[in-house]
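# Descriptive analysis of the structure
So you can see what is in the structure, the chains are spelled out below.
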Amino acid sequence: MSKWLIALLLFVALQYTGKLYAQQSGRLDKPVTIHLKPDSLISALLKLQQKAGTSFSFNPDLLRKYQIKEITVVRTPLRDVMLALLNGTPLSFALVGNDIVITEVKLSKRTVHGHVVDRANGEVLIGATVFIPELKSGVLTNQYGFYALNISEGVYELSVSNLGYQTKKIPLKLTADYQLEVELSVEANNLAEVQIRQPVTPDPLMLNEQSYTPRQLRHIPYYAGEPDALKALQMQNGIKAISEGSSGLFIRGGNSDQNLILLDEAVIYNPSHLYGLVSVFNPDAINSVQVYKDFMPTNFGGRLSSVIENRMAEGNNKEFHVSGGVNLMSARLAAEGPIVKDKSSFIVAFRRSLLDVFHSKFKLFNPSSVYYDINAKVNYKLDTKNNLFYSVYGGQDHLLSDNSFANNWGNITSTLRWNHLFNSRLFMNLSAIYSNYSNLLDLNADTLSTKSQWRTGVKDLTLKADYTYYNTPDNLIKFGLISVYHRFIPGETNNSINDELNIAKDRSLESALYYNQQISVGRHWEFNYGLRLGLFKNAEERLDIFDPSGNRVQQEDKQTYFNPEPRLNISYLLAPKQRFSITYNRSYQYLQLIQNSTLAFSSLEPWIPASRTIRPQHIDYFSGGYWYVQDGYSLSASGYLKKLYHQLDLAGHAQIIQNPDIRSQLETGNSTASGLELELKRTGTKLNATVAYTYARVFRTIAGINEGQRFAANYDIPHELKVTAAYNITKKLSVQSFFTYSTGRPLTLPVGYYQHDGINVPIFEGRNTFRFPNFSRLDISGQYQLSSRISKKRMFNSMISAGVYNLYNRKNPLYYHLSTDSSQPQSSSLEYAFGIYPWIAYSFKI
């Protein structure tokens, strides 16, 4: 009897268990009819839960980053609906009791990597966005167009975009590491590319630098119609020019020598032609310009205020082209094309001034003055993991004055780079760089007798290795090392046995190790931080040691400096379209330019290094900013405070030329710079406009100058307003304008005179106690594009540009002229810069 009872109970239990299992598994087979719009995964699950009458269990933090596409199902099993919702994510589900539990499956990580290039010419696109909408993650291409995304296996849609190009969406099934080379096509007649902009990033509010392209540079009003990267920078908020026509950049309270200006990684020590009327950067040879004026990544060092990185174009690797242009300032011609199609290319660009042709008259030099420059670059793709690049630049100015002075200066650079991919996530760039800046002043250029010439210069040899490790889309690591060997000629009499007036030469070694990491935490926080360890060793020759026979003994004063440079930027997204950011930089600068403060136009300024008697400059930089973006409008407000230490200034009225004791006449002190920058920008298909205002002050306190009392720096310009506008009238016709108004810069004027040997000798009291009159100017320009077919595969594209510089003929001050002739009235008179100047320019590409 007991056996039958046990068997009956077992049968009942089995029957009940089977029904329970069937009931539970039946939950996943329940038919569902539902329409889900694109939304967050969490929101979709809550709607499905209500519709299906079941319960979901999940960790909200795990699912928060996932989005769904639109889904419509009719009487579809719940199991299939869940599979559709979780497709492309590392999520799975299981029925546990009465709940459907959603968990994350730890899938293997895979990497998709490659380059983003222009489809028409093969040029790499720097700062292009590679983005995965499903994960809300992405990266920017680096300075070589390379990207890498390390993500879980799965099915995704890759979105690749860049300003002025058509966005490309690529289906991606990632089951193994995969190399994907992406080509983007240019959007035709897109006015958005006219505007200088902040870079497009995976999150457009996470911004640390500004980017510029050749197309943007061509659609800005310039003096004489000469497109110019540095002049375009001077039109931006927080970047000042202290005099009309100068290429000097004074960025957020920094001096002009505190900007690291690079051309294909080579330092440009003097970026100006014609004392600053034109920069050395030929628009036909530029791929991109990137500017860092707030947070400075640790891979950059040696300057306090900013980094301006110019990348030379690599040349079309698909077909041959010739381009060029002419305006009232210069003529230029460039050729580019493939050496081996899709594998190797070249570009050569030449530019020469036309001042001597048009006999243009300027106050600082006569019409016979000329300048020229040449750029050349070749590249070769060895295989999928190795690329070689070699570029050279050479530029020269020959300026004559009406009083028999001549000034010749120029830059020569050479860069050899090797890009190597160790694996899909570790990228390396190895560079060998040469830079040579020389400057020669001829004091009696119009004579054939013994010439009096004064020469300055700097030569650099650089080796550097930069590594980028793409850990995850939210974790980017950069590290590397750099070493630069400098040779300085602060000043010497050229071709002369007598060296009594020479300034002692220097040899220096500047090296650094750096580490930088960029991490995103959740959807709101981004941390960008790093450390740079700098080492500087200098050897300065001694010119005052002689043996008993009167022969000079070769001996050097040596000094070593070692300094850590921490950097930090924290960004917080207050809302999807609002961002707040704070920054701290500690930077050291071991080279400084000895400047004469009386004139903004000058090239004969020697570079000298830190030494036993001159300590390196350094800075503590603090800033905070707020950005808001909404429907084609953006608003930004930022403030900064700079504490600059060991700033140099010439004592009294010390001269630079033929002054062997100039180091002892340098006074050192501290500076404080602070400012507030406001900007409102509109971006649209027709009208683009920017209104920017800056209030900034810069003060110096230097013992031995102004009796040790605080005084305004030469570039202290408190108020500055800039307004830019561009309007696309038709697809071929566009117009632009630029207006600026600013406070006059400080200067030191005499408070009286006394006579000595028939000469008026000025009497000065205090440093920079006067100011130039306020500055303002309005420029307008327009472009009309022409296009005609000359063969089945070849177009002739050209553009006619015309404009008016200084439309209302404002007389802006250039410098003061002091009368020294005692027979003339004792006075100081203003010399003015350029008045109204209409211009016309033409450019073409075949």
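Residues numbered from 1 in each chain as written. Predicted model: local features only at pLDDT ≥ 70, side-chain atom pairs only at ≥ 80, totals over all residues. Heavy atoms only, no water.

## Describing the overall build of the protein
Selection criterion: Numbering of helices and strands runs from the N terminus, with a helix taken as a DSSP run of H or I at least four residues long and a strand as a DSSP run of E at least two residues long. The contact criterion used throughout is that any non-hydrogen atoms of two residues lie within 4.5 Å. The protein chains shown are the only cover counted for residues, whose accessible areas, like all others here, come from Shrake-Rupley with a 1.4 Å probe.
Looking only at helices and strands, the protein has seven helices and 55 strands in total. Restricting to contacts in the protein with at least 6 residues of sequence separation, those with at least 24 account for 64%. Put simply, the protein shows about 37,100 Å² of open surface, and 58% of that area lies on carbon and sulfur atoms.

## Notes on the environment of Val116
Rule in force here: For each residue, the accessible area found with a 1.4 Å probe, counting protein chains only, is set against the maximum for its type, and the residue is called buried under 20%, exposed over 50%, and partly exposed in between.
Structurally, Val116 is set in strand E8 (residues 109-118). The class for Val116 is buried, based on a relative accessible area of 0%. Here Val116 is in contact with Glu123, Val124, Leu125, Ala128, Val130, Thr141, Gly145, Tyr147, Val160, Val182 and Leu184, once residues within four sequence places are set aside.

## Concerning the packing of aromatic side chains
Our working rule: By convention, a stacked pair of Phe, Tyr or Trp rings (six-membered ring in the case of Trp) has centres within 6.5 Å and planes under 30 degrees apart, an edge-to-face pair has planes over 60 apart, and any other such pair is tilted. Charges are assigned to positions over rings by a cutoff of 6 Å between ring centre and Lys NZ or Arg CZ, combined with an angular limit of 35 degrees from the ring normal.
A full pass over the atoms with the stated rule returns 18 aromatic pairs. Centre to centre, the rings of Phe146 and Phe427 are 4.8 Å apart; their planes meet at 20°, and the pair counts as stacked. Of this pair, Phe146 sits in strand E11 (residues 146-152) while Phe427 sits in strand E31 (residues 426-442), placing them 281 residues apart in sequence. Plain terms: the ring middles of Tyr588 and Tyr590 are 6.4 Å apart, the flat faces sit at 20° to each other, and that makes the pair stacked. The exposure class of Tyr590 is buried, given its relative accessible area of 2%. Directly above the aromatic system of Phe711 lies the positively charged group of Arg767, at a separation of 5.7 Å from the ring centroid.

## Comments concerning the environment of Ile242
Structurally, Ile242 can be placed in the loop between strand E17 (239-240) and strand E18 (250-251). Overall, the relative accessible area of 15% leaves Ile242 in the buried class. Along the primary structure Ile242 and Leu814 are separated by 572 residues, whereas in three dimensions their C-alpha atoms are 9.6 Å apart.

## With respect to the sheet that holds strand E16 (residues 210-212)
Here is the rule we go by: Should DSSP find at least two bridges between two strands, the strands are regarded as paired.
Here we have five strands laid out as an open sheet, ordered E16-E23-E24-E19-E20, and mixed in their pairing. Edge strands, defined here as strands with exactly one partner in the open sheet, are E16 and strand E20 (266-267). Both strand E23 (residues 286-292) and strand E24 (residues 306-312) contribute to a ladder of six bridges, which runs antiparallel. The residue of E24 that forms the bridge with Ser288 is Arg311.

## What to know about the packing of helix H2 (residues 41-52) against helix H4 (residues 78-85)
For clarity, the threshold we go by: Note on definitions: angles span 0 to 180 degrees between N-to-C directions of axes, and those axes are lines fitted to C-alpha atoms, for helices only across the stretch in contact. Each angle is binned into one of four classes, with values under 35 degrees roughly parallel, values over 145 roughly antiparallel, values of 65 to 115 roughly perpendicular, and all other values oblique. Residue type decides the class: Asp, Glu, Lys and Arg count as charged, Ala, Val, Leu, Ile, Met, Phe, Trp, Tyr, Cys and Pro as nonpolar, and the leftover types, Gly among them, as polar.
H4 packs onto H2 with a crossing angle of 170° between their chain directions and a minimal axis gap of 12 Å. Between H2 and H4, the angle falls in the class roughly antiparallel. The segment H2 lies against H4, with Leu41, Ala44, Leu45, Leu48 and Ala52 engaging Leu78, Val81, Met82 and Leu85. Split by residue class, the contact of H2 with H4 holds nine nonpolar, no polar and no charged.

## Observations concerning the side chain of Asn659
Topologically, Asn659 is positioned in the loop between strand E41 (633-650) and strand E42 (666-682). Discounting chain neighbours no more than four positions away, the residues touching Asn659 are Trp454, Leu501, Ile503 and Gln665.

## Some thoughts on the pattern of salt bridges
Rule in force here: By definition, a salt bridge exists where a carboxyl oxygen of Asp or Glu is found within 4 Å of a side-chain nitrogen of Lys or Arg.
Tallied over the entire structure, the rule returns 36 salt bridges. Among the salt bridges present, the one from Arg351 reaches Glu226, with a minimum N-O distance of 2.8 Å. Taken together, the residues span a long stretch of sequence, with Arg351 in strand E27 (residues 344-353) and Glu226 in the loop between helix H5 (214-218) and helix H6 (229-234) at a distance of 125 residues. For Arg351, a relative accessible area of 0% puts it in the buried group. We note a salt bridge from Arg771 to Asp716, for which the minimum N-O separation is 2.5 Å. Linking Arg771 in strand E50 (residues 770-771) with Asp716 in the loop between strand E44 (711-712) and strand E45 (719-728), this pair joins segments that are 55 residues apart in sequence. Given a relative accessible area of 31%, Arg771 falls into the partly exposed group. Here the residues in one salt-bridge network are Glu265, Glu309, Arg311, Lys464 and Asp466, joined through shared partners.

## Concerning empty space enclosed by the protein
Summary: where empty space remains is shown by rolling a probe the size of a single water molecule over the atoms. Rules: Think of a 1 Å grid over just the protein atoms. A cavity is a set of points where a 1.4 Å probe fits yet cannot get out, a pocket is an open set with protein on both sides within 12 Å along at least five of seven lines, and lining residues have an atom within 4 Å of a point. Grid points are joined across faces, edges and corners, and a volume is the space filled by probe spheres set on the points.
Counted according to the given criterion, the structure contains 12 cavities of 30 Å³ or more. Put simply, the second largest cavity is a space of about 550 Å³. Forming the walls of the second largest cavity are 38 residues, and the residues nearest its centre are Leu260, Asn299, Phe300, Lys464 and Ile482. The set of elements that each furnish at least two residues to the lining of the second largest cavity consists of strand E19 (259-263), E20, E24, E31, strand E32 (453-472), strand E33 (475-493), strand E34 (506-521) and strand E35 (525-541). Among the elements that line the lining of the second largest cavity, the one with the most residues is E32, at six residues.

## Some remarks on a positive patch on the surface
How we decide: A patch is a set of surface residues, each over 30% in relative accessible area and not in a salt bridge, joined within 9 Å for like charges and within 5 Å for the nonpolar side chains Val, Leu, Ile, Met, Phe, Trp and Tyr. Positive charges are assigned to Lys and Arg, negative charges to Asp and Glu, while His and the chain termini are left out of the count. All charge positions are set by atom: Lys at NZ, Arg at CZ, Asp at CG, Glu at CD.
A cluster of like positive charges, contributed by Lys65, Lys109, Lys136 and Arg523, occupies part of the molecular surface. Checked against the element boundaries, Arg523 lands in the loop between E34 and E35. Judged by relative accessible area, Arg523 falls into the partly exposed class, the value being 40%.

## With respect to unusual backbone geometry
At Asp342, a residue that is not glycine, the phi angle is positive and equals roughly 65°. Turning to its location among the elements, Asp342 is positioned in the loop between strand E26 (330-340) and E27. You will see that Asn806, though not glycine, has its phi angle at about 60°, which is positive. Structurally, Asn806 is set in the loop between strand E52 (795-805) and strand E53 (813-818). Owing to a relative accessible area of 0%, Asn806 belongs among the buried residues under this scheme.

## Considering the sheet that holds strand E10 (residues 137-140)
What the four strands build is an open sheet, ordered E10-E9-E12-E13; its pairing is antiparallel. With one partner strand each, in any of the chains shown, E10 and strand E13 (168-174) form the two edges of the open sheet. Here the average twist between neighbouring strands, direction ignored, is 20°. The sheet contact formed by strand E9 (residues 129-132) and strand E12 (residues 154-161) spans three bridges and is antiparallel. Among the inter-strand pairings, Val130 is bridged to a residue of E12, identified as Val160.

## Quick notes on H2
As a reminder of what qualifies: One less than the residue count of a helix, multiplied by 1.5 Å, gives the span that helix is expected to have.
Under the 1.5 Å per step criterion, the end-to-end length of H2 is 16 Å for 12 residues, consistent within 8% with the ideal 16 Å. Taken residue by residue, H2 has Leu41, Ile42, Ser43, Ala44, Leu45, Leu48 and Ala52 as its buried positions. Count one or two residues on from H2 and you reach Gly53, which has phi positive near 65°.

## Structural notes on H4
Put simply, the test is: The reported arc concerns the directions from the helix axis to the C-beta atoms and nothing else.
The set of residues buried in H4 consists of Leu78, Val81, Met82 and Leu85. The arc enclosing the buried residues of H4, seen along the axis, measures out at 100°, which places them on a common side.

## Things to note about the confidence of the model for the protein
Detailed reading of predicted coordinates is not advised where the pLDDT is low. For clarity, the threshold we go by: Values of pLDDT, which run from 0 to 100, indicate the predictor's confidence residue by residue.
Scored by pLDDT, the protein comes out at a mean of 86, with 90% of its residues at no less than 70. Confidence drops under pLDDT 50 across residues 12-23; counting only partners more than four residues distant or on other chains, this segment forms zero contacts. Under a pLDDT of 50 for its full length, residues 190-206 has, in the predicted model, 68 contacts with residues more than four places off or in other chains.

## Concerning the side chain of Asp228
Put simply, the rule is: What qualifies as a polar contact is a pair of N or O atoms within 3.5 Å, subject to a donor-acceptor requirement within protein and to the restriction that residues adjacent in sequence count only when both atoms come from side chains.
On the secondary structure map, Asp228 appears in the loop between H5 and H6. Within the buried set, Asp228 has no salt-bridge partner at all; the shortest N-O distance to an opposite charge, 4.7 Å, is to Lys231. A polar contact of 2.6 Å, which involves the side chain of Asp228, links it to the backbone nitrogen of Ser279. The residues touching Asp228, leaving out its near neighbours within four places in the chain, are Tyr222, Leu277, Val278 and Ser279.

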